[in-house]
Protein chains: 2
Amino acid sequence: LDAAMGRAAAARQAQLTKPPGALGRLEEVALRLAAMQGRERPSVERVRICVFAADNGVVEEGVSAFPPSVTMQMVMNMAAGGAAISVLALALEADIELVNLGTATPMSPHPAVRDATIAPGSANLARGPAMTDAQCDQALAQGRAAALRAIDAGAELFIGGEMGIGNTTASAAVACALLEQPAAALVGPGTGLDSAGVKHKQRVVARALERHRRAAQATPPDAGRPAPAAVLASLGGFDVAALAGAYVACAQRRLPVLLDGFISSVAALVAVRLCPGAADWMLFSHASAEPGHALVLQALGGVPLLDLEMRLGEGSGAATAVPLLRLACRLHGDMATFAEAGVKGQAPLSAPQ
Amino acid sequence: LDAAMGRAAAARQAQLTKPPGALGRLEEVALRLAAMQGRERPSVERVRICVFAADNGVVEEGVSAFPPSVTMQMVMNMAAGGAAISVLALALEADIELVNLGTATPMSPHPAVRDATIAPGSANLARGPAMTDAQCDQALAQGRAAALRAIDAGAELFIGGEMGIGNTTASAAVACALLEQPAAALVGPGTGLDSAGVKHKQRVVARALERHRRAAQATPPDAGRPAPAAVLASLGGFDVAALAGAYVACAQRRLPVLLDGFISSVAALVAVRLCPGAADWMLFSHASAEPGHALVLQALGGVPLLDLEMRLGEGSGAATAVPLLRLACRLHGDMATFAEAGVKGQAPLSAPQ
């Protein structure tokens, strides 16, 4: 972060024609973006949304309200412009890129979908590792490549989204392992399980965590990969891994990231564990209705801008918060200063007693 | 409200390619707007922001951190495009109208400012009625006229803003009288009083409430005006009265209103007391950092979309929420249905036990 530019932006903000602090968190966002972008007047007009799609073998345990074929169908819906994230991207004039990391149902080639298939979905993480180390590295690299494409395209803000039936299960498992929490603390209804379904999903995640714990004990601590990457391969999904890879690359290349909801935040947690400095480049868009999100946000130290009870994923919560970032930048950049406007009120009167 | 259209919109929403309820409050906003506008696919592209400016005689009691000359200076700043609300209106491509109801410091004519001067500010409400009944009626009528101009211009959404040093004092006094609360429950720092300043402001409002109570007792109950109008004239400001008049007119003419923060919500409370049906036409944009706002919101039964610790007024909180309403409408109107997208996942699977 460019601390000097953050201070320059704060000095400008103190001169704008409003009582100090009266724009609340919009002021904080403008200063954060100024320090990230190294510009006294930041801008997030050029937004890149990258949606990573992948299936999750764990759905064979019955952990989702939707069948895995929906992943492929929803990517096609995104490509055709009919999904929530497509509508949002168009409304925001944001670039959108769809990256297929591997679906259980084969996907026909489509000009709007980048084929980066690793496998037809991850393996069933309740019974064995979700990915091989090589597959996990491939997914991380795909995320990194997507971030670099965003930078090459001139993006001022990166949003990562995901589409993958079963991915709240994988995300909850990863978060449980990283935060040392039981399944009950992080498993929720996802796309819409009832309470019996949530209980079942908790048991599946608990079984996966037990399997992971035993496998980790069997591996000598310094012979394996970095712990967060081992957790990711064992319990994650291709989409979660790609998001984590993208977030690390964004941080390394100084591109601000706007996180989405639960899955995105779990990927952010992986990114921060892999590369602690990545936290500086993250902005928090919304508090998801998925109950585990609060705990992950707490671990990341993030306070989201929005709390609209959204729980769709795809990057939709982050996209919804983009106008707030843009308005924060416009206000910061375009408001008149007291001197420019000839307003003489900046020195508060003291109230008579 | 058009309940049949609300149901038609809900039926459409149930078919969109997302888990039911996954867009959270954006879904609720789309259905409210559908019922208000009588359209299955509502729209709020055309937004009118009307800012009412007026000074408040009560500032001679030392209740504000800024001198009254700032009201005129800030209206000129708005007219020149330098104020927060001007920047927001431009960014949103919203129409903005500035209406001068009377400032203590004379205002030079400006093509962007509509002169609707009632008096050079209200009288000192701590010592006598803020307005005569005739002045109060003038202010209500100015608000009504502004709403009708918005409708004539084809507005799909009305935002009322205000600019007036001392207007949180008047608003707190009105809210105390209508909600039968003590001054301490509704008086806050406004533009930035310290705690001694807030204490002093509370004493001034308490004195005003005592004066009002005595005056109300002296008036035979059926000889006066409707109680909310009497409170408004006694304790309000021209801007608060104009906002109340605008909100009633919007409801009568079926134009949705997006409320701003504390002052706007107090005006909304007056509007609802004058015309209970007005409540149906109100949407709540943000929770202000001004502490009294929560109590007024509770009385109105409103849950705001945003909580960004803003406390600027001018209509700035409402303007900041406009993109959320627009995205809600776009999602509702433009997303594909399950049938259109060929997505076959809408019947949830039951989870195996």
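Residues numbered from 1 in each chain as written. Chains lettered and ligands numbered in written order. Predicted model: local features only at pLDDT ≥ 70, side-chain atom pairs only at ≥ 80, totals over all residues. Heavy atoms only, no water.

A.B. asks: How should I be thinking about the nonpolar core in this particular structure?
C.D. replies: Proteins that are soluble and globular tend to have nonpolar side chains buried together. Membership of the largest hydrophobic core comes to 262 residues, with the highest contact counts inside it found for Y247 of chain A together with Y247 of chain B. Setting aside its immediate chain neighbours within four residues, Y247 of chain A contacts F158, G160, V257, L259, S264, A267, A268, A271 and M282 of chain A. (Core = buried A, V, L, I, M, F, W, Y, C linked by side-chain atoms within 4.5 Å. Buried < 20%, exposed > 50% of the residue type's maximum accessible area, 1.4 Å probe, protein only. Contact = heavy atoms within 4.5 Å.)

A.B. asks: Explanation requested: the interface of chain B and chain A in the structure shown.
C.D. replies: Many structure descriptions define interface size as the accessible area lost when the parts assemble. Counting from both sides, the interface comprises 64 residues of chain B and, opposite them, 64 residues of chain A. Buried surface at the junction of chain B and chain A, summed over both partners, amounts to about 5,100 Å²; 69% is from carbon and sulfur atoms. Considering only the side of chain B, the residues that lose the most area to chain A are F66, L308 and L327 of chain B, jointly responsible for 11% of the buried surface there. In this assembly, chain B and chain A are joined by zero salt bridges. The interface formed by chain B and chain A includes 10 residue pairs in polar contact (both at pLDDT 80 or more). Of all the secondary-structure elements, those providing two or more residues to the side of chain B that touches chain A are α2 (25–37), α3 (69–79), α4 (84–92), α8 (195–218), α13 (316–334) and α14 (338–341) of chain B. Here the element with the most residues in the side of chain B that touches chain A is α13 of chain B; it accounts for eight residues. Its residues assigned to classes, the side of chain B that touches chain A shows 38 nonpolar, 17 polar and nine charged. (Buried area = accessible area lost by both parts, 1.4 Å probe. Salt bridge = Lys/Arg side-chain N within 4 Å of Asp/Glu carboxyl O. Polar contact = N/O pair within 3.5 Å; in protein donor to acceptor, adjacent residues only side chain to side chain. Helix = DSSP H or I, 4+ residues; strand = E, 2+ residues; numbered from the N terminus. Nonpolar A, V, L, I, M, F, W, Y, C, P; charged D, E, K, R; others polar.)

A.B. asks: For this particular structure, what's the right way to read the relation of the copies chain B and chain A?
C.D. replies: The relation between the two copies of this chain is a rotation about an axis and a shift parallel to it. Rotating chain B by 180 degrees and moving it 0.0 Å along the rotation axis overlays it on chain A with an RMSD of 0.0 Å. The two molecules are tied by a two-fold rotation axis, judged by turn and shift. Same-surface contact between copies: 100% of interface residues of chain B are shared with the interface of chain A. (Least-squares fit on C-alpha atoms with pLDDT ≥ 70 in both.)

A.B. asks: Would you mind going over the pairing of strand β4 (residues 157–163) of chain A with me for this structure?
C.D. replies: Two faces make up the sheet, and in a regular strand the side chains alternate between them. Residue and element names in this part refer to chain A. Within β4, seven of the seven residues are buried, which leaves the element mostly enclosed by the surrounding structure. Side chains of β4 alternate between two faces, with L157, I159, G161 and M163 and F158, G160 and E162 buried alike. Relative to β4, strand β1 (residues 47–54) is paired through seven bridges, and the arrangement is parallel. Residue I49 lies in a different strand from β4, and its bridge partner there is I159. (Pairing = 2+ DSSP bridges.)

A.B. asks: Sorry if this is basic, but what is going on with helix α10 (residues 238–252) of chain A here?
C.D. replies: Since the α-helix turns once every 3.6 residues, residues separated by three or four places project in the same direction. Residues and elements named next belong to chain A. End to end, α10 covers 21 Å across 15 residues, agreeing with the expected 21 Å (1.5 Å per residue, within 8%). The buried fraction of α10 is high, at 14 of 15 residues. A positive backbone phi angle near 65 degrees is found at R254, which sits one or two residues after α10. (Expected span 1.5 Å × (residues − 1).)

A.B. asks: Help me understand the pattern of salt bridges, please; the structure alone is not making it clear to me.
C.D. replies: Opposite charge on two side chains permits them to pair, given that their charged atoms come into close proximity. All names here are of chain B. Under the counting rule described, the total for this entry stands at 24 salt bridges over all chains. Across the pair R46 and E156 runs a salt bridge whose closest N-O atoms are separated by 3.9 Å. Residue R46 is found in the loop between α2 and β1 (47–54), and its partner E156 is found in the loop between α5 (133–152) and β4 (157–163); the two are separated by 110 residues along the sequence. The partner of R149 in a salt bridge is E97, with the nearest N and O atoms 2.7 Å apart. With R149 in helix α5 and E97 in strand β2 (residues 95–102), the pair connects residues that are 52 residues apart, well separated along the chain.

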